[in-house]
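Residue-level structure breakdown
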Amino acid sequence: YPYNMEIVAESLSKAGANSVRIVLSNGSGPWRKNSVVEIKNLISICKKYKLIPILEVHDTTGKWKPVDLVSAAQYFIDIKEALLGEEAYVILNIANEWPSNNDSGTWQAAYEVVLPLIRKAGLNHTIMIDCAGGGQFGKCLEDGGLKVLQADPLKNTMFSIHMYGTAGGSPEIIEKNIKYATENDLCICVGEFGFSHTDGDVDEDFIMKYCQENQIGYLGWCWKGNSDELLDMAKSWDGNLTDWGKSIIFGEN
């Protein structure tokens, strides 16, 4: 790693986090494939600091072909040695922001294929699925969320919406996007959000307030390492906070 993961985990724990979403690679993109040994180490460190690791393949970012989702799912099957026995401690997020377009039909059909594959491999962990539209198209939950849930033989699947300028720009939009899930009896979290992005300003205070009031989890993006540093919550891995980090950790909600 380019940093000491234990320092990161300790800093997150001290900040009050109970989970951490971890970017992994299956080797299909520009990054090196993460190994079984690395995943075992990451899980061990997270457990030590009482953090639930949410593991996701980041190579799917910006992609929309079903083959890319299958490749991400296959990665978790390939590294299942590191995952078996950790069902109570690990969430499998499968694929970051797949597909990149607002195609509910493709999103539904592809997840209906990969969920049974993951379960057939013996992985019984909670699965987290990002919304279509690069994570921001909440309507896919209304269009096909129940069908996706039914494709999981264990019905142990939750959903994640990412909130930037498109899905999180105003209280009305935020509430509408979350209700696509809650009004259809689907488990939802805000799996990524920031205070601003290339698609506009974000009402981050309302996201946190609404989630607290409705017992919905949220994950701020990101601790450190974002490509443009704008959304880094920490200036250094050990927790020297930016204003964005301070607003999440010390804000009212």
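Residues numbered from 1 in each chain as written. Predicted model: local features only at pLDDT ≥ 70, side-chain atom pairs only at ≥ 80, totals over all residues. Heavy atoms only, no water.

Okay, the pattern of salt bridges next. Under the defined criterion, the tally for this structure stands at 13 salt bridges. Across the salt bridge formed by aspartate 130 and arginine 21, the nearest N and O atoms sit 3.5 Å from each other. With a gap of 109 residues between them, aspartate 130 in strand β4 (residues 126-130) and arginine 21 in strand β1 (residues 19-24) connect regions that are remote in the sequence. Taking relative accessible area as the criterion, arginine 21 reaches 11% and is therefore assigned buried. (Salt bridge = Lys/Arg side-chain N within 4 Å of Asp/Glu carboxyl O. Helix = DSSP H or I, 4+ residues; strand = E, 2+ residues; numbered from the N terminus. Buried < 20%, exposed > 50% of the residue type's maximum accessible area, 1.4 Å probe, protein only.)

Okay, helix α7 (residues 171-182) next. In this model α7 runs 16 Å from its N-terminal to its C-terminal C-alpha over 12 residues, within 8% of the 16 Å that 1.5 Å per residue would give. Along α7, the positions that sit buried rather than exposed are Ile174, Asn177, Ile178, Tyr180 and Ala181. In an axial view of α7, the angular spread of the buried residues amounts to 140 degrees, which keeps them on one side of the axis. What points out from α7, more than 90 degrees from its buried face, is the exposed set Glu172 and Lys176. The inward-facing, buried residues of α7 abut α6 (139-151), β5 (157-163), β6 (188-193) and α8 (204-213). (Expected span 1.5 Å × (residues − 1). Arc of directions from axis to C-beta. Contact = heavy atoms within 4.5 Å.)

Let us now look at the environment of isoleucine 91. Looking at the secondary structure, you find isoleucine 91 in strand β3 (residues 91-95). Taking the C-alpha atoms as reference, isoleucine 91 lies 20 Å from aspartate 185; in sequence the two are 94 residues apart. In this structure isoleucine 91 touches Ile52, Pro53, Ile54, Leu55, Thr126 and Met128, once residues within four positions along its chain are discounted.

Right, let's get into the packing of aromatic side chains. All chains considered together, the criterion is met by 8 aromatic pairs. Where tryptophan 98 meets tyrosine 111, the ring centres are 6.1 Å apart and the plane angle is 75 degrees; that geometry is what we call edge-to-face. Linking tryptophan 98 in the loop between β3 and α5 (104-120) with tyrosine 111 in helix α5, this pair joins segments that are 13 residues apart in sequence. Taken individually, tryptophan 98 and tyrosine 111 each receive the classification buried, so the pair is uniform in this respect. Judged by centre distance (6.1 Å) and plane angle (65 degrees), the ring pair of tryptophan 107 and tyrosine 111 falls under edge-to-face. Here tyrosine 111 and tryptophan 107 lie together in helix α5, a separation of 4 residues that amounts to about one turn. Among the residues examined, tryptophan 107 registers a relative accessible area of 0% and is labelled buried. Taken together through their ring pairs, the aromatic side chains of Trp98, Trp107, Tyr111 and Phe159 make up a single cluster. (Phe/Tyr/Trp six-rings, centres within 6.5 Å; stacked < 30°, edge-to-face > 60°.)

This paragraph deals with the pairing of β6. With respect to burial, β6 is a largely interior element, 6 of its 6 residues being buried. Sheet topology places β5 next to β6; 5 bridges connect them, and they run parallel. For phenylalanine 159, the partnering residue across the bridge sits in β6 and is isoleucine 188. Read from β5 through α7 to β6, the crossover connection turns out right-handed. (Pairing = 2+ DSSP bridges. Right-handed = clockwise from strand over helix to strand, strands pointing away.)

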